Amino acid sequence: MKFGIVTHYDVHNHGAVLQLTALVKVLARKGIEAKALQFDKNYDFLGVALKSKYDISLKSVGFYIKFLLREGVGRTLYNVKKRQTLNRFKVENNLIGEFYTDASGLDAVVVGSDEVFALHTGPTPIFFGHAAPTNCVFSYAASFGPTTYEDIQSKHCIEFVKSGLERMAGVSVRDKNSQDIVVRLTGDVPALVCDPVLLYGYVDEIKQLRKPDLPPYLLVYAYDNRMNDEQEVERIKEYARKMGLKIVSPGFYHKWSDYNVNIDPVGLLAYFKYAQCVVTDTFHGSVMSIITQSQFVVKTRDNSNKLVNLLNEYGLTDRISVSLDDLEGRFASAIDFSAVEVEVVRRRAESMKYLDQMIKKADEHSR
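Now for a description of the structure that goes with this document. Everything numeric in this text was worked out from a predicted model, so none of it was measured. (Residues numbered from 1 in each chain as written. Predicted model: local features only at pLDDT ≥ 70, side-chain atom pairs only at ≥ 80, totals over all residues. Heavy atoms only, no water.)

**Here we look at the overall build of the protein chain**
Across its full length, the protein chain carries 14 helices and 13 strands. Over its C-alpha atoms the protein chain spans a radius of gyration of 20 Å, differing by no more than 12% from the 21 Å that the globule rule assigns to 367 residues. Dimensions of the protein chain along its principal axes, counting C-alpha atoms only, are 60 × 50 × 40 Å. Taking all 367 residues of the protein chain together, 55% fall into the buried category. Contacts spanning at least 24 positions in sequence make up 75% of the contacts within the protein chain whose residues lie at least 6 apart. (Helix = DSSP H or I, 4+ residues; strand = E, 2+ residues; numbered from the N terminus. Rg over C-alpha atoms; globule rule 2.2 N^0.38 Å. Buried < 20%, exposed > 50% of the residue type's maximum accessible area, 1.4 Å probe, protein only. Contact = heavy atoms within 4.5 Å.)

In structure tokens form, the structure reads like this:
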């Protein structure tokens, strides 16, 4: 069988690439060839100024010149190399297929994972299965991210979203907020499944990872435009000094860290696995900590619905730190990963059951 995957395949983010890779590998184990379908993302809700940041063209030049002047050469060069690293990884792993309107012979299209249902940039039809090149479309671990039901109303997208969801062969989401929105729109309760990174687990890859050639370190995993508040930075530095740790930032550039590391998505897991501790404020930073069984603390921010939901699912809400002023106390209490693993195994089995049901439907549609 042959599937297309609709997800954020071209974002500057290791977590997004890891979840795509994981879904491709899970489907491959079931004899299914799968690749991400290319598409043009809609940025109409961002406004003209911000749209040029994402819709790369000559209009983008001004934005990136301002970025260079504002952020400096270090961060700019780091991100250029990061894009090269991610693109090379995607090519080496054969993750990206053709443009969705050129695709043929697909038995199904999988929408997800990640924030494919979010509307904060604009309404992209293929994210909701509109005009998909197949008779069988279903979602896997899709998320509305920061989008709320009220946002969908205010952007006049109720029918746009609802009609897409109702035509799908199955809908599954990865967080409670997304589940609640689907219920309000369609009246049906979608399956709540785990992110592909948790589903696949990268078990064999993690076993083979080598320890980074670094002194003992605290790992920071946060978008480079976050975790830069002076108080947050000082609290992390203070804890690292007290514990005799260097600060390492793999995947994102933070000029205040001791090491900024460019690494491919699977190699990134080694930095989690061998960290003395992890401080993150992201969903996939938490997911990577779980699968590598790393001691971690999570800084929550506005619109942290999906992140808090994840921690609640795995009994890890005690890892939340609102201000990072209690790092020593948080890390003094170690995570019992035996209990976490029980929940991982249970949710993985439930999620695989849903995926198998969708594969069966795709097979029936293709006959």
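The discussion continues.
**Here's the deal with the packing of aromatic side chains**
How two aromatic rings sit relative to each other is given by the distance of their centres and the angle of their planes. Inspection of every chain in the model, using the stated rule, returns 16 aromatic pairs. When the centroid spacing of 5.1 Å and the interplanar angle of 50° are considered together, the rings of Phe-117 and Phe-144 count as tilted. Separated by 27 residues along the polypeptide, Phe-117 in the loop between β4 (108–111) and β5 (137–139) and Phe-144 in the loop between β5 and α4 (149–154) bring together distant segments of the chain. In this structure, Phe-117 and Phe-144 share a single accessibility class: buried. Ring geometry for Tyr-140 versus Tyr-354: centroids 6.3 Å apart, planes at 35°, classification tilted. (Phe/Tyr/Trp six-rings, centres within 6.5 Å; stacked < 30°, edge-to-face > 60°.)

**Brief notes about the pattern of salt bridges**
Pairing of side chains with opposite charge becomes possible as their charged atoms draw close. Across all of its chains, the model carries 20 salt bridges by this definition. Linking Asp-180 and Lys-176 is a salt bridge whose minimum nitrogen-to-oxygen distance equals 2.8 Å. Placement of the pair is Asp-180 and Lys-176 together in helix α6 (residues 176–186), with a separation of four residues, close to one helical turn. Residue Lys-176 is classed as partly exposed on the basis of its relative accessible area of 40%. With a shortest N-O distance of 3.1 Å, Arg-226 and Asp-281 are connected by a salt bridge. Linking Arg-226 in the loop between β8 (217–221) and α9 (230–243) with Asp-281 in the loop between β11 (277–280) and α11 (283–291), this pair joins segments that are 55 residues apart in sequence. On the basis of relative accessible area, Asp-281 is assigned to the buried category, the value being 5%. Salt bridges here are not isolated pairs; linked through shared partners, they connect Arg-226, Glu-232, Asp-281, Lys-299 and Arg-301. (Salt bridge = Lys/Arg side-chain N within 4 Å of Asp/Glu carboxyl O.)

Everything listed is a geometric property; what it means functionally is a separate question.
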